[in-house]
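Below are the chains, spelled out letter by letter.
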Amino acid sequence: MSPKVLVLNGPNLNMLGQREPDIYGHTTLEDIRRAVDVRAGQLKLTVDFRQTNDEGELVTWIQSARGGASAIVLNAAAYTHTSVAVLDALLACGVPVVEVHLSNIYRREEFRHHSYVSRAATGIICGFGAHGYELALEAVARLLHNEK
Ligand code: DQA
């Protein structure tokens, strides 16, 4: 069976397409979900793609990866910069984590330069817009392949 990857999206990413298009582009989260599904199929991965505006729900989903998924691709959005709870859940989840951001957070405001998620991530992909999700899946496929 294809390994399952949780692709988790945090707050306000449901607004992609309408939200600050000069920064995030015109691609919607639904467009990203479709592109992710196609790429996952090519890489022989199964994807469970979700979005929440709720920190607790995000923590619960990350916890569910233990025993329930082979890897996590995470765009924690604003919780990236604020949430020790998300970090603690990631440290306990027991699977590789790839951190994704559409924008290059290091070219933006100072408060976006710190990521709690990065402390638990195998790697980070940021600044490539929606394409970053496909790059993250490629990284996951390579990680899982090398483990075998
Ligand atoms: C983001 C960057 C975050 O700083 C911001 O809060 C977001 C989106 C990105 O994908 O570029 O909501 O994670």
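Higher on the page you've got the structure.
Reading the values: the criteria
Residues numbered from 1 in each chain as written. Predicted model: local features only at pLDDT ≥ 70, side-chain atom pairs only at ≥ 80, totals over all residues. Heavy atoms only, no water. Pairing = 2+ DSSP bridges. Helix = DSSP H or I, 4+ residues; strand = E, 2+ residues; numbered from the N terminus. Axes fitted to C-alpha atoms, helices over the stretch in contact; angles between N-to-C directions. Contact = heavy atoms within 4.5 Å. Near = heavy atom within 4 Å. Areas by Shrake-Rupley, 256 points an atom, 1.4 Å probe, with all protein chains shown as cover. Nonpolar A, V, L, I, M, F, W, Y, C, P; charged D, E, K, R; others polar. Buried < 20%, exposed > 50% of the residue type's maximum accessible area, 1.4 Å probe, protein only. Right-handed = clockwise from strand over helix to strand, strands pointing away. Core = buried A, V, L, I, M, F, W, Y, C linked by side-chain atoms within 4.5 Å. Salt bridge = Lys/Arg side-chain N within 4 Å of Asp/Glu carboxyl O.

Peer 1: If you had to explain the sheet that holds strand S2 (residues 46-51) to someone new, which residues and values would you point to?
Peer 2: Each strand in a sheet pairs with its neighbour through backbone hydrogen bonds, running either in the same direction (parallel) or in the opposite one (antiparallel). Pairing in this open sheet of five strands is parallel, and the strands run S2-S1-S3-S4-S5 from one edge to the other. Each end of this open sheet is capped by a strand with a single partner; those strands are S2 and strand S5 (123-126). Pairwise comparison of adjacent strand axes, ignoring direction, gives a mean angle of 20° for this sheet. Of the pairings in the sheet, the one linking strand S4 (residues 97-101) to S5 comprises four bridges and is parallel in character. Among the inter-strand pairings, valine 100 is bridged to a residue of S5, identified as isoleucine 125. Along the sheet face, helix H3 (residues 55-63) touches strand S1 (4-9), S2 and strand S3 (71-75) and points at about 170° away from the line of S1.

Peer 1: Pulling in residues and values, what's your account of the site of the ligand?
Peer 2: Close to the ligand lie Arg19, Tyr24, Asn75, Ala77, Ala78, His81, His101, Leu102, Ser103, Ile105, Arg108 and Arg112. Summarising the interface, the protein chains cover 98% of the accessible area of the ligand, which totals 320 Å² for the free molecule. Looking at the shell around the ligand residue by residue, the classes come out as five nonpolar, four polar and three charged.

Peer 1: Kindly report on the pairing of S4, identifying the contributing residues and their values.
Peer 2: The element S4 is extensively covered by neighbouring structure, given that five of its five residues are classed as buried. Of the two faces of S4, the one carrying Val97, Glu99 and His101 and the one carrying Val98 and Val100 are both buried. After leaving S3, the chain enters helix H4 (residues 84-92) and then returns to the sheet as S4, a path that is right-handed.

Peer 1: Go over the nonpolar core with me, naming the residues and quoting the values.
Peer 2: Residues Val5, Val73 and Tyr133 are the most contacted members of the largest nonpolar core, which totals 25 residues. Of all the elements in the fold, those that place two or more residues in this core are S1, helix H2 (29-42), S2, S3, S4 and helix H5 (131-147). Ranked by residues supplied to this core, first place goes to H5 with six residues. Apart from the residues lying within four places of it in its own chain, the contact partners of valine 73 are Val5, Leu6, Val7, Leu8, Val98, Val100, Ala136, Leu137 and Val140. Core analysis: the next-biggest nonpolar cluster, separate from the first, contains 22 residues, Tyr79, Val86, Leu87 and Val117 among them.

Peer 1: I'd love a proper account of the environment of threonine 28, names of residues and values included.
Peer 2: Tracing the backbone shows threonine 28 in the loop between helix H1 (21-24) and H2. Exposure remark for threonine 28: the relative accessible area of 28% places this residue in the partly exposed category. Through-space distance from the C-alpha of threonine 28 to that of leucine 143 is 28 Å; in sequence the pair is 115 residues apart. Non-local contacts of threonine 28, meaning those with residues more than four positions away in its chain, are made with Leu16 and Gly17.

Peer 1: Requested: an account of the pattern of salt bridges, with residues and values cited.
Peer 2: If you walk through the whole model with that rule in mind, you get nine salt bridges. Its salt-bridge partner being glutamate 109, residue arginine 108 comes within 3.8 Å of it at the nearest N-O pair. Here arginine 108 falls in the buried class, since its relative accessible area comes to 17%. Arginine 112 is paired through a salt bridge with glutamate 109; the nearest N and O atoms lie 2.7 Å apart. For glutamate 109, a relative accessible area of 36% corresponds to the partly exposed category. A single network of salt bridges, built from pairs that share partners, joins Glu30, Asp31, Arg33, Arg34 and Asp37.

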